[in-house]
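# What the coordinates show
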Number of protein chains: 2
Amino acid sequence: MKRITIREVSEKAGVSTAAVSYVLNGRHSKVSADTIEKVQRAAQELNYIPDFSARSLANNSSKLIGVVIPQTEDRKQLLLQNPFYSELICGIESQLRQSGYHMILSGVEKGEGYLDTTMQRNLDGAIIMGVYQESFYDDLKKVNMPIVLIDSYIYDRHFHVVGIDDELGGYMAVNHLIENGHTNIALVTGTIRKDGVVEKRFLGYKRALKEAGLFYNPDHVFEHSVTYEYGYEAGKLIAAEHPEITAVFATSDQMAMGVMRGVREEGKDVPEHISVIGFDDISFARMSTPPLTTVDQDIISRGMKAADCLLSAIQNKGKELPSEPTIMPLALVARDTVRKLQ
Amino acid sequence: MKRITIREVSEKAGVSTAAVSYVLNGRHSKVSADTIEKVQRAAQELNYIPDFSARSLANNSSKLIGVVIPQTEDRKQLLLQNPFYSELICGIESQLRQSGYHMILSGVEKGEGYLDTTMQRNLDGAIIMGVYQESFYDDLKKVNMPIVLIDSYIYDRHFHVVGIDDELGGYMAVNHLIENGHTNIALVTGTIRKDGVVEKRFLGYKRALKEAGLFYNPDHVFEHSVTYEYGYEAGKLIAAEHPEITAVFATSDQMAMGVMRGVREEGKDVPEHISVIGFDDISFARMSTPPLTTVDQDIISRGMKAADCLLSAIQNKGKELPSEPTIMPLALVARDTVRKLQ
DNA sequence: TTGTATGCGTTATCAC
DNA sequence: GTGATAACGCATACAA
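Residues numbered from 1 in each chain as written. Chains lettered and ligands numbered in written order. Predicted model: local features only at pLDDT ≥ 70, side-chain atom pairs only at ≥ 80, totals over all residues. Heavy atoms only, no water.

As annotated in an unreviewed UniProt entry, chain A carries the name LacI family transcriptional regulator and is attributed to Paenibacillus taihuensis.

Written as structure tokens, this is what we have:
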């Protein structure tokens, strides 16, 4: 299919290429109504489609947004199997497309850094999910483009952050358990890194305990990787060797599902013997057996919000945007995995 | 961060920009070893990163691949919540990135068509998942680029198809049920469209029945949308009003999970009262309760294969590639939702 | 208001 | 082998 250029449009309309460019870019103040009319018709009839590569070259603006998501450790694959990221992407893409932007979705090579892609593609901005090593962020600061971070507690004037109050979320979850009469509550979680989201949730766990006058028992935190498999291990352990535990807060829904499986494998039931609450409210949470009680963060909205933030940062190029993080709301969704004691 | 251009590299190396271009593009036959050395060092020291927009303009090749995935009907969001697509994307992205390509992931507006994006971005190729209306494919044929279809039975010389033998898959599933002594087997499925994947699976269902000398009963096919929710409805219906049915084949894992839920809601159990088998083996299949027996199509491999096909088609520009579809293998994964009768 | 001419960074076509 | 230089398609400063 042959490419229609701006020149052909200009010839058909009987005006200059400059005029065409003005009209098509909405610089209506620079052209007469008559020209606008002619150009628009010509463009229409020829079915003119601008070439973004050329535009990018002339403008230094590509209408391209980089979206980075973590990869699995072993194989070099995106962590997209985690519905949390999928749903985030849904939200992001929908907003971007409606604004005429496109999304380049990719993981990031361990050695290389993301700088290459950024420079090669003249990205207008980027949304980074997950947590990476320091050097990655240093790279990011060098390129002069708006960047939105998701799931990060790195507060730096170079970045906008769209987050949730993870500490509160942890608190809400554990408090719900406490309100239902539980006093021996385990925490099943991924590695607790300084300033990571799980650390905050962990802090919320401790605060809820403390406020209720309950004793924090380090033996009741099961910490490893954020996977269904580890949840399963932890669930078995809890059911088999910790008869005192009546409830567990898992810091992700997938882990919660693993816990339920593990508990069951040891001949106990959820929620009869052990109550479980998760975090995120991924779409599968409601499909689990029994349907999982969890802390809902409206993931898709969060993705949309991140995109919105980025777009407005791009538009306000130059003007500093407020550097306070955007905090999305949380809600406790009570389904069937928490039992009221007594 | 300032952009280093090819000109600066050429100056530093003391050669022409043409020489730099030759070296960097591996046209080593056109330059002396000495120049190669100098250019490489200069590029290294300056940390030169080529601009793909410029390259795209000069070459008419963008190193950009369009990946299209269906959207939800209601809101304009990607169907990425469906792990089937997520996993496909994982496979695709990993292969593309390793070959120096990037992926533009997007849905497609109902009215617009995909032509715009294609032309705007000078896409080198595209991978299309799902099924669309005729006009969409007509558009696709107009642009002269390699295209790979996933989940489609459109055999046209313009497209490569990376598929599975859906008929066989359906057959395998139902046959497994029959081997376990079931004779009244329901089918729970999305809308059966002519030449769609579910139609093939439906055909496999019927063939298995027939070969086993069983009677095909239209009342035992529950056909609506490919959702957890519909699976749930169907499951309830089956458990409540069809005591003769002892097993169901759901044409997607998500539907199967819904069926299980529905069955349970009516006071029956899986697999004690009703056996269930799914299709796809999404990552959540093993996490369901009980773990779901299903027909596994290695989704990630399929994504990788699709990317490989596309890349080799791009490289062989001009030469026709074999137009027979690539068929990926299937495997029955027996977990805990099918009970042996008697 | 309109058109001309130039630059954006690369590659490719030539002469040398 | 090597190096000017003209495309590629678009936007824009400047001249008209």
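Our next topic: the overall build of chain A. Scanning chain A for helices and strands turns up 12 helices and 12 strands. Of all 342 residues assigned to chain A, the portion counted as buried reaches 57%. Here the contacts in chain A between residues at least 6 apart in sequence split such that 70% fall between residues at least 24 apart. Accessible area of chain A: about 14500 Å², with a carbon and sulfur share of 48%. With 37 positive and 45 negative side-chain charges, chain A shows a spacing of 7 Å between the two charge centroids. (Helix = DSSP H or I, 4+ residues; strand = E, 2+ residues; numbered from the N terminus. Buried < 20%, exposed > 50% of the residue type's maximum accessible area, 1.4 Å probe, protein only. Contact = heavy atoms within 4.5 Å. Areas by Shrake-Rupley, 256 points an atom, 1.4 Å probe, with all protein chains shown as cover. Lys, Arg positive; Asp, Glu negative; His and termini not counted. Charge placed at Lys NZ, Arg CZ, Asp CG, Glu CD.)

Turning next to the sheet that holds strand 8 (residues 247–250) of chain A. All names here are of chain A. Read across the sheet, six strands follow the order 7-6-8-9-10-12 without closing on themselves; strand pairing throughout is mixed. In this open sheet, the two strands that pair with only one neighbour each are strand 7 (221–224) and strand 12 (330–333). Taken over all neighbouring pairs, the strand axes of this sheet differ in orientation by 15 degrees on average, direction set aside. The pairing of strand 6 (residues 185–190) with strand 8 spans four bridges and is classified as parallel. Residue pairing in the sheet places Ile 185 in a bridge with Ala 247 of strand 8. The sheet strands contacting helix 11 (residues 253–265) are strand 6, strand 8, strand 9 (275–280) and strand 10 (293–297), and the helix crosses strand 9 at an angle near 160 degrees. (Pairing = 2+ DSSP bridges. Axes fitted to C-alpha atoms, helices over the stretch in contact; angles between N-to-C directions.)

Once that is clear, we can look at the relation of the copies chain A and chain B. For these two chains of identical sequence, chain A goes onto chain B by a turn of 180 degrees and a shift of 0.0 Å along the axis, with RMSD 0.1 Å. Expressed as an axis order, the relation between the two copies is that of a two-fold axis. Interface overlap between copies is the fraction of interface residues in one copy that are interface residues in the other; for chain A against chain B it reaches 100%, indicating a shared surface. (Least-squares fit on C-alpha atoms with pLDDT ≥ 70 in both.)

Time to look at the domain arrangement of chain A. All names here are of chain A. Splitting chain A by domain gives domain 1 (6–50), domain 2 (64–165 + 300–328) and domain 3 (166–297). Its C-alpha centre places domain 2 at a distance of 29 Å from the equivalent point of domain 3. Around 1100 Å² of area is buried between domain 2 and domain 3 when both sides are counted, 55% of it from carbon and sulfur atoms. Together, Tyr 153, Ile 164 and Asp 165 form the three largest contributors to the area buried by domain 2 at its contact with domain 3, with a combined 51%. In this structure, the connection of domain 2 to domain 3 is made through zero salt bridges. The interface formed by domain 2 and domain 3 includes seven residue pairs in polar contact (both at pLDDT 80 or more). (Domains from an automatic or database assignment. Buried area = accessible area lost by both parts, 1.4 Å probe. Salt bridge = Lys/Arg side-chain N within 4 Å of Asp/Glu carboxyl O. Polar contact = N/O pair within 3.5 Å; in protein donor to acceptor, adjacent residues only side chain to side chain.)

Residue and element names in this part refer to chain B. Taken together, the buried positions of helix 7 (residues 134–142) are occupied by Phe 136, Tyr 137, Asp 139 and Leu 140. The buried residues of helix 7 occupy one face: seen down the axis, they fall within an arc of 155 degrees. Contact partners of the buried residues in helix 7: helix 6 (115–121), strand 3 (125–129), strand 4 (147–150) and strand 5 (159–164). (Arc of directions from axis to C-beta.)

Residues and elements named next belong to chain A. For the coordinates displayed, the defined rule picks out 34 salt bridges over all chains. Among the ionic pairs, Asp 51 bridges to Arg 3, the shortest N-O distance being 3.9 Å. Taken together, the residues Asp 51 in the loop between helix 3 (33–46) and helix 4 (52–59) and Arg 3 in the segment before helix 1 (6–13) connect sequence positions 48 residues apart. In this structure Arg 3 comes out as partly exposed when scored by relative accessible area, which is 21%. Put simply, Asp 138, Lys 141 and Asp 156 are held in one network by salt bridges that share partners.

What follows covers the protein's contact with DNA strand C. Around DNA strand C lies a shell of 27 residues, among which Ser 32 and Thr 35 of chain A together with Ile 6, Tyr 48 and Arg 55 of chain B are the nearest. The sugar and phosphate moieties of DNA strand C supply 69% of its atoms located within 4 Å of the protein. The side chain of Asn 59 of chain B places a nitrogen or oxygen atom 3.2 Å from a sugar or linking oxygen of DNA strand C. Put simply, the parts of the chain that give the surface near DNA strand C at least two residues each are helix 2 (17–24) and helix 4 of chain A together with helix 2 (17–24) and helix 4 (52–59) of chain B. (Near = heavy atom within 4 Å.)

Our focus in this paragraph is the sheet that holds strand 6 (residues 185–190) of chain B. All names here are of chain B. Across the sheet, which stays open at both edges, the six strands sit in the order 7-6-8-9-10-12 with mixed pairing between neighbours. In the strand order of this sheet, the two ends are held by strand 7 (221–224) and strand 12 (330–333), each with one partner. Shown here is a sheet whose adjacent strand axes are inclined to one another by a mean of 15 degrees, direction ignored. Note that strand 6 and strand 7 share four bridges and pair parallel. Looking at strand 7, one finds that Leu 187 is bridged to Val 221.

This part takes up the protein's contact with DNA strand D. Taken together, 25 residues lie near DNA strand D, and Ile 6, Tyr 48 and Arg 55 of chain A together with Ser 32 and Thr 35 of chain B sit nearest. Close to the protein, within 4 Å, the atoms of DNA strand D belong to sugar or phosphate groups at a rate of 71%. Residue Tyr 22 of chain A places a side-chain N or O atom 3.4 Å away from a base nitrogen belonging to DNA strand D. A distance of 3.2 Å is found between a phosphate oxygen of DNA strand D and a backbone nitrogen or oxygen belonging to Ser 16 of chain B. Only helix 2 and helix 4 of chain A together with helix 2 and helix 4 of chain B provide two or more residues apiece to the surface near DNA strand D. For the surface near DNA strand D, the element with the highest residue contribution is helix 4 of chain A, accounting for four residues.

Before going further, it helps to spend a moment on the packing of helix 10 (residues 228–241) of chain A against helix 11 of chain A. All names here are of chain A. Closest axis-to-axis distance for the helix 10/helix 11 pair is 6 Å, and the angle between their directions is 40 degrees. The orientation of helix 10 with respect to helix 11, classified from their angle, is oblique. The two elements helix 10 and helix 11 meet at a crossing, and its hand is right-handed. From helix 10, Tyr 228, Tyr 230, Gly 231, Tyr 232, Gly 235, Lys 236 and Ala 239 reach across to helix 11, where they touch Gln 254, Met 255, Met 257, Gly 258, Val 259, Arg 261, Gly 262, Val 263 and Glu 265. Residues that form the contact of helix 10 with helix 11 fall into these classes: eight nonpolar, five polar and three charged. (Parallel < 35°, antiparallel > 145°, perpendicular 65-115°, else oblique. Left-handed = near helix turned anticlockwise from the far one by under 90°. Nonpolar A, V, L, I, M, F, W, Y, C, P; charged D, E, K, R; others polar.)

Moving on to the UniProt feature "domain: HTH lacI-type" (unreviewed entry) in chain A. Those places that UniProt annotates as "domain: HTH lacI-type" (unreviewed entry) correspond, in this numbering, to residues 4–59 of chain A. Here residues 4–59 of chain A runs as 68% helix and 0% strand, with 20 Å between its end C-alpha atoms. (UniProt positions renumbered as here; feature names shortened; annotations may be inferred.)

As a further point, take the side chain of Asp 166 of chain A. Residue and element names in this part refer to chain A. Mapping Asp 166 onto the fold places it in helix 8 (residues 166–179). A distance of 2.7 Å separates the side chain of Asp 166 from the side chain of Tyr 153, its partner in a polar contact. Setting aside chain neighbours within four positions, we find Asp 166 in contact with Tyr 153, Val 197, Lys 200, Arg 201 and Phe 279.

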